[in-house]
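# Coordinate analysis (summary)
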Amino acid sequence: LRYYERRGLLAQPQRPPEGYRHYTNETVQVVRFIKQAQDLGFTLEDIDELVRLRGSTPRGRARARAVAEQKLADLERKMARLRDMQARLRRLIAACRAGNTPECPILEAIGSQAHSGRMDRRAPKRDAAKRRRTLTEAGRSVPHQTRRTT
């Protein structure tokens, strides 16, 4: 509660001489409002605005709807990104199960992302040696990979 007080979402309660904080019913309602808004994914900045809009005019209601619509659009973008990540991971896991190459397709894909700054969204190619030959033929330098033998 003190965190919300510092952020300005709640008013500082009166402190009687014994030092205990006494919160009003309105403060309890605001805290419940904050928690419900957090459960819907709103940031504290959004919640600050929504708290101020509580009980406001139709104009405030339109603003609250706009904030909610923006949150929904953000969630839909995140969900699309998560679905894309899920599909990529499924492809990598399926390629790993195939086990046709000595290289790990999961580690190869993550490694290629580290070099290029972006994960290839297609399924990994199974033949890493063929990829290296193709890159070498194209005039690109391919780092030599050594293998430990035991």
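Look up a bit, the structure's there.
Attention in this report is confined to the structure presented alongside it. Computed from a prediction, not measured in an experiment: that's the story for all the values here.

## Let's talk about the overall build of the protein chain
- Helices and strands together make up the secondary structure of the protein chain, namely six helices and zero strands.
- For the protein chain, the succession of helices and strands along the chain, N to C, is α-α-α-α-α-α.
- Burial statistics for the protein chain: of 150 residues in total, 19% are counted as buried.
- In the protein chain, of all internal contacts separated by at least 6 residues, the share reaching a separation of at least 24 is 42%.
- For the protein chain, the exposed area adds up to about 12000 Å²; of that, 52% sits on carbon and sulfur atoms.

## Things to note about helix H3 (residues 44-53)
- Taken together, the buried positions of H3 are Leu-44, Asp-46, Ile-47, Leu-50, Val-51 and Leu-53.
- Lining the buried residues of H3 we find helix H1 (2-7), helix H2 (25-39) and helix H4 (58-98).
- Two residues or fewer past H3, Gly-55 is found with a positive phi of approximately 65°.

## Some points on the packing of aromatic side chains
- The full count for this structure, using the stated rule, is one aromatic pair.
- Note on Tyr-3 and Tyr-4: the rings are 6.0 Å apart at their centroids and 55° apart in plane angle, and the pair reads as tilted.
- You can call Tyr-4 buried: its relative accessible area is 8%.
- Cation over ring: Arg-54 sits above Phe-33, and NZ or CZ is 5.1 Å from the ring centre.

## Topic: H2
- Across its 15 residues, H2 extends 21 Å between first and last C-alpha, which sits within 8% of the 21 Å expected from 1.5 Å per residue.
- Looking one or two residues past H2, Gly-41 carries a phi angle of roughly 95°, positive in sign.

## A closer look at the pattern of salt bridges
- Taken as a whole and judged by the stated rule, the model has seven salt bridges.
- Across the pair Arg-52 and Asp-48 runs a salt bridge whose closest N-O atoms are separated by 3.0 Å. Placement of the pair is Arg-52 and Asp-48 together in helix H3, with a separation of four residues, close to one helical turn.
- Looking at Arg-52, the relative accessible area reads 58%, which means it is exposed.
- Two residues, Glu-49 and Arg-63, come together in a salt bridge whose shortest N-O distance is 2.5 Å. Of this pair, Glu-49 sits in helix H3 while Arg-63 sits in helix H4; the two residues are 14 residues apart in sequence, bridging distant segments of the chain.
- For Glu-49, a relative accessible area of 25% translates into the label partly exposed.

## Things to note about the side chain of Lys-71
- Mapping Lys-71 onto the fold places it in helix H4.
- Buried charge Lys-71 goes without a salt bridge, the closest partner of opposite sign being Asp-46 at 4.0 Å.
- Those residues in contact with Lys-71 that lie beyond four places of it in its chain are Leu-40, Gly-41, Phe-42, Thr-43 and Asp-46.

## Side note on the state of the cysteines
- If you walk through the whole model with that rule in mind, you get zero disulfides.
- With no disulfide partner, Cys-96 has as its closest neighbouring cysteine sulfur the one in Cys-104, 4.5 Å distant.
- Judged by relative accessible area, Cys-104 falls into the partly exposed class, the value being 26%.

Quick notes on the rules
Residues numbered from 1 in each chain as written. Predicted model: local features only at pLDDT ≥ 70, side-chain atom pairs only at ≥ 80, totals over all residues. Heavy atoms only, no water. Helix = DSSP H or I, 4+ residues; strand = E, 2+ residues; numbered from the N terminus. Buried < 20%, exposed > 50% of the residue type's maximum accessible area, 1.4 Å probe, protein only. Contact = heavy atoms within 4.5 Å. Areas by Shrake-Rupley, 256 points an atom, 1.4 Å probe, with all protein chains shown as cover. Phe/Tyr/Trp six-rings, centres within 6.5 Å; stacked < 30°, edge-to-face > 60°. Lys NZ or Arg CZ within 6 Å of the ring centre and 35° of its normal. Expected span 1.5 Å × (residues − 1). Salt bridge = Lys/Arg side-chain N within 4 Å of Asp/Glu carboxyl O. Lys, Arg positive; Asp, Glu negative; His and termini not counted. Disulfide = S-S within 2.5 Å.

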